[in-house]
Amino acid sequence: MNYIDRFEEGFFMGKILSIIGARPQFIKASVVSRRIQEAIGIQEIMLHTGQHFDANMSDIFFNQLNIPRPDIQLDIHGGNHGAMTGRMLVEIEKAIIEYKPDRVLVYGDTNSTLAGALAAVKQHVPVAHIEAGLRSFNVKMPEEINRILTDQVSDLLFCPTDTAVKNLEGEGFLQKPVRVLQVGDVMQDAALLFSEKATAPKMINSATGFILATLHRAENTDDPERLASIVNALNLLHSELAPVVLPLHPRTRKLVAAQGLELKVHLIDPVGYFEMIWLLNHCDLVLTDSGGVQKEAFFFGKACVTMRDQTEWVELIDAGANQLVGADTQDILSAASSHLGRQVQDINKLYGGGEAAERIVDVLVKANA
Ligand code: UD1
Ligand code: UDP
């Protein structure tokens, strides 16, 4: 039944404007959007800010994960954070005025998230935030600012973990006229839904025994000392411990070259989600600074070494599944050696077990979007 039929049959249709723009948001939106399409009572309009734009950072996810083509496609990327966020704010506001959504839905903690939330609240449109309540307590991270401010203007706060709820409780959210809900993590939904689609990347011939690495966070790539120390660690691991497979984010590619550094590992271009879950399934260790990949290591039973000083996913540290090592070469080497080949188990279903999108859409329908 399409929108018009439902409208004529007298259903109230809440109209949701979903804002996405960066790789992890496409993956998160794929599971939520699928549920919205099945639900009666809401219609989704999708806006892609253009923050990520290479085919292997954007289109590939729409194709693989069957995400509806965006109704509104902006082309905003690059520049300083303020400029990027500001340009998005201007254009998203125009879309809100034109499409008159009942609610704006934002994901995670990117500049696209903050621009979407601000544009909405300035137009008096309520905001729902998926991945609310996460904190690293490091306000130098652009993501931390984005998530704190987005939570402040949201009235439906969908938390992925108990820790996220506690963080919001600590900031006084339970006394505010908003709803804080622990729904589980949509990334676990995606990992479960698509696990059977895992596909070996074309350029990989060794099926096991490798370290899967990802590296792109600003606190590592934009700090020459940290970047050099991590590159050194990856090169040493590759030559002395196990092959390192690194699908390289375009940000890191640029900054490694700009610093005159050389990555002597198995470098590949960014891969699609099906290839990524194959790599997660077949590796012997995950070494990352990504938020999402820390959890995916856990979903696929692999120990993770995280090249950051803090993580929002503290339950993985408590469960002994993840170790924070920062950017020091020796710390990375010794943690990687001790965790290589170690399996981990999700005994306590820390991330909700794959029903997050269903719960979220149920709440959105009942809230009339
Ligand atoms: C952004 C998010 C980060 C998230 C990451 C997911 C912010 C502040 N940061 O970081 O939280 O973890 O996305 O991957 O929103 N680039 C390309 N092609 C692309 C995409 C990016 O060349 O398809 C280049 C850009 O031109 C820019 C650099 O990569 O020079 C960084 O892109 P940007 O979107 O600013 O930040 P990310 O590091 O991707
Ligand atoms: N990912 C992917 N291909 C890659 C690298 C990552 O599909 O080459 C996926 C990864 O599996 C996870 C998401 O992208 O689902 C994480 O995005 P990223 O690390 O860019 O951002 P973060 O989670 O740190 O915000």
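The coordinates are above.
A few points on the structure. Worth saying up front: this structure is predicted, and the values here are computed from it rather than measured. (Residues numbered from 1 in each chain as written. Chains lettered and ligands numbered in written order. Predicted model: local features only at pLDDT ≥ 70, side-chain atom pairs only at ≥ 80, totals over all residues. Heavy atoms only, no water.)

Here we come to the overall build of the protein chain. Check the secondary structure of the protein chain and you find 16 helices and 13 strands. Computed over the C-alpha atoms, the radius of gyration of the protein chain is 20 Å, within 12% of the 21 Å expected from 2.2 N^0.38 for a compact globule of 369 residues. Taking the principal axes of the C-alpha coordinates as reference, the protein chain spans close to 65 × 45 × 40 Å. Counting every position in the protein chain, which comprises 369 residues, the buried fraction comes to 56%. Sequence-distant contacts, at least 24 apart, represent 70% of the contacts inside the protein chain between residues at least 6 apart. Here the protein chain displays about 15,200 Å² of accessible surface, and carbon together with sulfur accounts for 50% of that area. Positive and negative charge centroids in the protein chain, built from 33 and 46 side chains respectively, lie 2 Å apart. (Helix = DSSP H or I, 4+ residues; strand = E, 2+ residues; numbered from the N terminus. Rg over C-alpha atoms; globule rule 2.2 N^0.38 Å. Buried < 20%, exposed > 50% of the residue type's maximum accessible area, 1.4 Å probe, protein only. Contact = heavy atoms within 4.5 Å. Areas by Shrake-Rupley, 256 points an atom, 1.4 Å probe, with all protein chains shown as cover. Lys, Arg positive; Asp, Glu negative; His and termini not counted. Charge placed at Lys NZ, Arg CZ, Asp CG, Glu CD.)

Turning next to the site of ligand 2. In the region of ligand 2, 18 residues are neighbours, and R23, V271, S290, G292 and E296 sit closest. One of the side-chain nitrogen or oxygen atoms of H216 is found 3.4 Å away from an oxygen atom of ligand 2. For ligand 2, whose unbound accessible area comes to 530 Å², protein coverage reaches 96%. Mapped by element, the contributors of at least two residues to the shell around ligand 2 are α2 (23-38), α12 (273-282) and α13 (291-299). No other element matches the 4 residues that α13 contributes to the shell around ligand 2. (Near = heavy atom within 4 Å. Polar contact = N/O pair within 3.5 Å; in protein donor to acceptor, adjacent residues only side chain to side chain.)

Moving on: the pattern of salt bridges. A complete count under the given rule lists 20 salt bridges for this structure. A salt bridge links E312 to R147, with the nearest nitrogen and oxygen atoms 3.5 Å apart. Of this pair, E312 sits in the loop between β12 (304-306) and α14 (314-318) while R147 sits in helix α6 (residues 142-152), placing them 165 residues apart in sequence. Accessibility assignment for this pair places E312 and R147 in one class, buried. Between D362 and K366 there is a salt bridge; the shortest N-O distance is 3.0 Å. On the criterion of helical spacing, the pair formed by D362 and K366 is a turn pair, its members being 4 residues apart in helix α16 (residues 356-366). (Salt bridge = Lys/Arg side-chain N within 4 Å of Asp/Glu carboxyl O.)

Take a nonpolar patch on the surface next. Where nonpolar side chains cluster on the molecular surface, the patch consists of V139, I145 and L149 and spans about 240 Å² of accessible area. Within the element layout of this structure, V139 appears in the loop between β5 (127-130) and α6. (Patch = residues over 30% accessible without salt bridge, like charges linked within 9 Å, V, L, I, M, F, W, Y side chains within 5 Å.)

Once that is clear, we can look at the pairing of strand β1 (residues 14-20). Counted residue by residue, β1 has 6 buried out of 7 residues, so it is predominantly covered. As paired strands, β1 and strand β2 (residues 42-48) are joined by 7 bridges and run parallel to one another. Paired with S18 across the two strands is M46, which belongs to β2. Regarding topology, α2 serves as the crossover connection from β1 to the parallel β2, and that connection is right-handed. Pairing analysis gives 4 bridges linking β1 to strand β4 (residues 103-107), with the strands arranged parallel. Bridge assignment links L17 to a residue of β4, and that residue is V104. (Pairing = 2+ DSSP bridges. Right-handed = clockwise from strand over helix to strand, strands pointing away.)

With that settled, the discussion passes to unusual backbone geometry. Phi is mostly negative for residues that are not glycine, and the peptide bonds are mostly trans. Within the chain, E131 stands out as a residue other than glycine whose phi angle is a positive 85 degrees. Secondary-structure assignment places E131 in the loop between β5 and α6.

The sheet built from 7 strands is open, its strands ordered β3-β2-β1-β4-β5-β6-β7 with parallel pairing. Strands at the two margins of the open sheet, each flanked by one partner only, are β3 (72-73) and β7 (179-182). The pairing of β4 with β5 spans 4 bridges and is classified as parallel. Pairing of L105 across the sheet is with A128, part of β5. Relative to the sheet, α2 contacts β1, β2, β4 and β5, its axis offset from that of β4 by approximately 140 degrees. (Axes fitted to C-alpha atoms, helices over the stretch in contact; angles between N-to-C directions.)

Around ligand 1 there are 19 residues in total, and H52, D54, E143, H216 and R251 lie nearest to it. Between E143 and ligand 1, the recorded distance is 2.6 Å, taken from a side-chain N or O atom to an oxygen atom. The separation between an oxygen atom of ligand 1 and a polar side-chain atom of R251 is 2.7 Å. Taking 750 Å² as the accessible area of ligand 1 by itself, protein coverage stands at 89%. Among the secondary structure elements, those contributing two or more residues to the shell around ligand 1 are α4 (81-99), α6 and α11 (250-258). At 3 residues, α11 tops the list of elements feeding residues into the shell around ligand 1. Of the residues contributing to the shell around ligand 1, the split by class is 6 nonpolar, 7 polar and 6 charged. (Nonpolar A, V, L, I, M, F, W, Y, C, P; charged D, E, K, R; others polar.)

It is worth stressing that arrangement in space is one thing and function is another; only the former is reported here.
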